[in-house]
Amino acid sequence: MILPILTDADFIKLYEFVREYFGINLEKKRTLVEARLTFFISQRGFHSFSEYLHVVTSNPQGDECTAMLNRLSTNYTFFFRESPALYVTAKTLLPEFVDKGVKKLHIWDAACASGEEAYSLAMVLAQTPLVRLGIVDFSIFGTDINTELLAKARRGIYDGQQLAMIPPEYHKYIRSLGKEVRICRELSNKIKWQYENLMNTTYNSIWDIIFCRNVMFYFKSATREQIVAKLYKSLRPGGYLILGSTENVDLERRLFEHLEPTIYRKPLC
Ligand SMILES: C[S@@+](CC[C@H](N)C(=O)[O-])C[C@H]1O[C@@H](n2cnc3c(N)ncnc32)[C@H](O)[C@@H]1O
């Protein structure tokens, strides 16, 4: 089998397209792009990258482009990653919303990958007395551009070894399936999963809390600023934006009140 060669011109076309439509900056990732796409595109019947890129770039919403993003996006995530923000959400933010009379918390997990982050948050919230006593409820909206990861999140089935990342007090939310484990319905019913591209999603001011962690470091700083400004618009006044620990953008310090290392509050007025 003769494998297609990634020329300089094809590579530039590919990374500029991915950056423009999805924010991801692959400019310094040529080896990764070649490793993940060369055999993949020849298996899909393409003889050259230019033929492939013609199909991908002519329809950013099409199946071929989605399949490419599934190959190229970085999906590293795990249960209870950067867990301090999860506990602050449950112990500090949730009671604050209850004091303000909120009966149901609407949370958006933007760039949720395969769902571990959203399920971890759901476990921590479900365990609080406020939720257990029915004083407040919550729903989580998990979104990503990787459709394979979203399918995994929707199934809620994970390798049993991942249980080691989940503190024992939350194991009651997990059912054993032999070598795999499944998230119980009580939690999975609270989460909806959907394809959303952070670059062009509709930003409505409906969220109490937005988690957007470990995705913006793949973006150029101008793109990060645009997205932070849109996330700001998506929050209700008094709502919270929670970023990853390595994702500082100057803009969030100007727009938001900075509460904890990764937690920002949209001012009330
Ligand atoms: C490293 S994972 C982070 C997952 C989780 N938030 C965490 O902190 O563990 C980054 C995710 O961002 C997603 N992503 C990248 N660009 C995106 C975009 N433009 N819109 C939505 N999701 C995007 C990727 O598909 C991937 O699932």
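Everything numeric in this text was worked out from a predicted model, so none of it was measured. Numbering of residues begins from 1 in every chain and follows the order in which that chain's sequence is written. Only residues with pLDDT of at least 70 are given local features in this predicted model, and only at 80 or more are side-chain atom pairs given and counted; all residues enter the totals for whole chains, interfaces and linings.

**Student:** Before we move on, could you go through the environment of A229 and cite the residues and values that matter?
**Tutor:** Numbered from the N terminus, helices here are DSSP runs of H or I no shorter than four residues, and strands are runs of E no shorter than two. Along the polypeptide, A229 turns up in helix α10 (residues 221–234). A residue is classified by how many C-beta atoms lie within 10 Å of it, and A229, with 15 of them, is partly exposed. Note: C-alpha distance between A229 and L251 (22 residues apart in sequence) is 7.6 Å. Three exposure classes are used, all based on how many other C-beta atoms lie within 10 Å of a residue's own C-beta (placed from the backbone): buried at 20 or more, exposed at 12 or fewer, and partly exposed between those limits.

**Student:** Hey, could you go over the site of the ligand for me, with residue numbers and the actual values?
**Tutor:** Any residue whose C-beta atom, as placed from the backbone, lies within 6 Å of a molecule or strand is termed near it. Residues in close proximity to the ligand total 24 residues, the closest being S73, T77, A111, A113 and N214. Side-chain classes are defined by residue name, with Ala, Val, Leu, Ile, Met, Phe, Trp, Tyr, Cys and Pro counting as nonpolar, Asp, Glu, Lys and Arg as charged, and the others, Gly among them, as polar. Residue composition of the shell around the ligand, grouped by class: 11 nonpolar, 9 polar and 4 charged.

**Student:** Would you mind going over the domain arrangement of the chain in detail, with residue names and values included?
**Tutor:** As assigned here, the chain comprises domain 1 (8–72) and domain 2 (84–156 + 187–265). Reported domain spans reflect what an automatic or database domain assignment gives. Using only C-alpha atoms to locate each centre, domain 1 and domain 2 end up separated by 29 Å. In this complex, domain 1 contributes 8 residues to the contact, which on the side of domain 2 involves 11 residues. Only α1 (8–22) and α4 (63–72) provide two or more residues apiece to the side of domain 1 that touches domain 2. Looking at which element gives the most residues to the side of domain 1 that touches domain 2, the answer is α4, with 3 residues. Each residue belonging to the side of domain 1 that touches domain 2 can be placed in one class, and the counts come to 4 nonpolar, 4 polar and no charged. Here the contact rule is simple: place C-beta atoms from the backbone, and any two residues whose C-beta atoms are within 7 Å are in contact.

**Student:** Can you explain the environment of P60? Please cite residues and give values.
**Tutor:** As for its position among the elements, P60 is in the loop between α3 (49–58) and α4. For P60, a count of 18 C-beta atoms within 10 Å translates into the label partly exposed. Residues P60 and F17, spaced 43 residues apart in sequence, show a C-alpha to C-alpha distance of 8.9 Å. With sequence-adjacent residues up to four places away left out, P60 is seen in contact with Y21 and C65.

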